[in-house]
Amino acid sequence: MQQLLEGEKELIIEKVGEILGKHGSDRENLIPILQEVQDSLGYLPGLSMEIIAEAMDIPSVDVFGLTTFYNQFRLNPPGKHQIKICMGTACYMVGGRIALESFERHLKIGEGETTSDRKYSLETVACVGCCAIAPVVVVNEDIEGKVTPTRVDGLMLAFEADEQEEEQKEAEENEEKGD
Ligand code: FES
């Protein structure tokens, strides 16, 4: 299960409490409550499901089971960079899986997971409608076509360069503030 960030536990307790307060703890409200928690937090943290299960007096394993059954629920936090690999037939046939494996190797996470620093999340999606440039990867909102392992290397280098630039900017800003 994904580790919580600093202050995230308190935020989850607060948001889930608000949502339960609004909907009540009747079991028939379970799905709308889970949807609203996901909308509010960007995903369904394990802690949120435990709180909901306790409030509804049902085993938390039942809530987990339900969320894994419906694929609308996201159990891992979205990364700052969301990488979605198309696994539609056209992409799959010409290297979609190879692109996925290249990202997995770089990020050391599997499909459906998020890096512990929450910078990257990796998922697969159905056809995104750009089959002519298969295999396709959607990076944040941008479409990347004809993605080979070399292109994955290039994308990762670009991300790292952006991150370094941001860190440097932040450090400079903090320095200025400290003056
Ligand atoms: S199958 Fe990937 S864009 Fe259509």
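Everything quoted here is computed from the prediction, not taken from an experiment.

## Focus on unusual backbone geometry
Most of the time, phi is negative for any residue but glycine, and the peptide bond is trans.
Here is step 1 of the chain: A cis amide bond links Ala-134 with the next residue in sequence, Pro-135, at an omega value of -5 degrees.
Here is step 2 of the chain: Inspection of the secondary structure puts Pro-135 in the loop between β2 (120-125) and β3 (137-139).
Here is step 3 of the chain: One non-glycine residue, Asp-57, lies in the positive phi region at around 60 degrees.
Here is step 4 of the chain: Its place among the elements puts Asp-57 in the loop between α3 (46-56) and α4 (60-69).
Here is step 5 of the chain: The backbone of Lys-146 shows a phi angle near 50 degrees, a positive value even though the residue is not glycine.
Here is step 6 of the chain: Within the secondary structure, Lys-146 sits in the loop between β4 (142-144) and α7 (149-178).

## Remarks on the sheet that holds β3
Here is step 1 of the chain: The 4 strands are arranged β2-β1-β3-β4 in an open sheet whose pairing can be described as mixed. Taken across any chain shown, the strands that pair with only one partner, and hence form the sheet edges, are β2 and β4. Sheet twist, expressed as the average angle between the axes of neighbouring strands with direction ignored, equals 25 degrees.
Here is step 2 of the chain: Bridge count between strand β1 (residues 81-86) and β3: 3 bridges; the pairing is antiparallel. Within the sheet, the bridge partner assigned to Ile-83 lies in β3 and is Val-139.
Here is step 3 of the chain: The strands touched by helix α6 (residues 96-107) are β1, β2 and β3; relative to β1, the strand with the most contacts, the crossing angle is about 150 degrees.

## Some words on the domain arrangement of the protein chain
Here is step 1 of the chain: Domain assignment breaks the protein chain into domain 1 (8-69) and domain 2 (81-178).
Here is step 2 of the chain: Domain 1 and domain 2 are separated by 30 Å when their C-alpha centres are compared.

## Some details on the nonpolar core
Here is step 1 of the chain: Ile-83, Ile-85, Ala-99, Phe-103, Val-136 and Val-137 are the most contacted members of the largest nonpolar core, which has 16 residues in total.
Here is step 2 of the chain: If you list the elements that add at least two residues to this core, you get β1, α6, β2 and α7.
Here is step 3 of the chain: Those residues in contact with Ile-85 that lie beyond four places of it in its chain are Gly-96, Ala-99, Leu-100, Phe-103, Thr-124 and Val-137.
Here is step 4 of the chain: Judged by nonpolar contacts, the second largest core, of 12 residues, contains Ile-12, Leu-44, Ile-52 and Met-56.

So, how was this worked out
- Residues numbered from 1 in each chain as written.
- Predicted model: local features only at pLDDT ≥ 70, side-chain atom pairs only at ≥ 80, totals over all residues.
- Helix = DSSP H or I, 4+ residues; strand = E, 2+ residues; numbered from the N terminus.
- Pairing = 2+ DSSP bridges.
- Axes fitted to C-alpha atoms, helices over the stretch in contact; angles between N-to-C directions.
- Contact = placed C-beta atoms within 7 Å.
- Domains from an automatic or database assignment.
- Core = buried A, V, L, I, M, F, W, Y, C linked by C-beta atoms within 7 Å.
- Buried ≥ 20, exposed ≤ 12 C-beta atoms within 10 Å, placed from the backbone.

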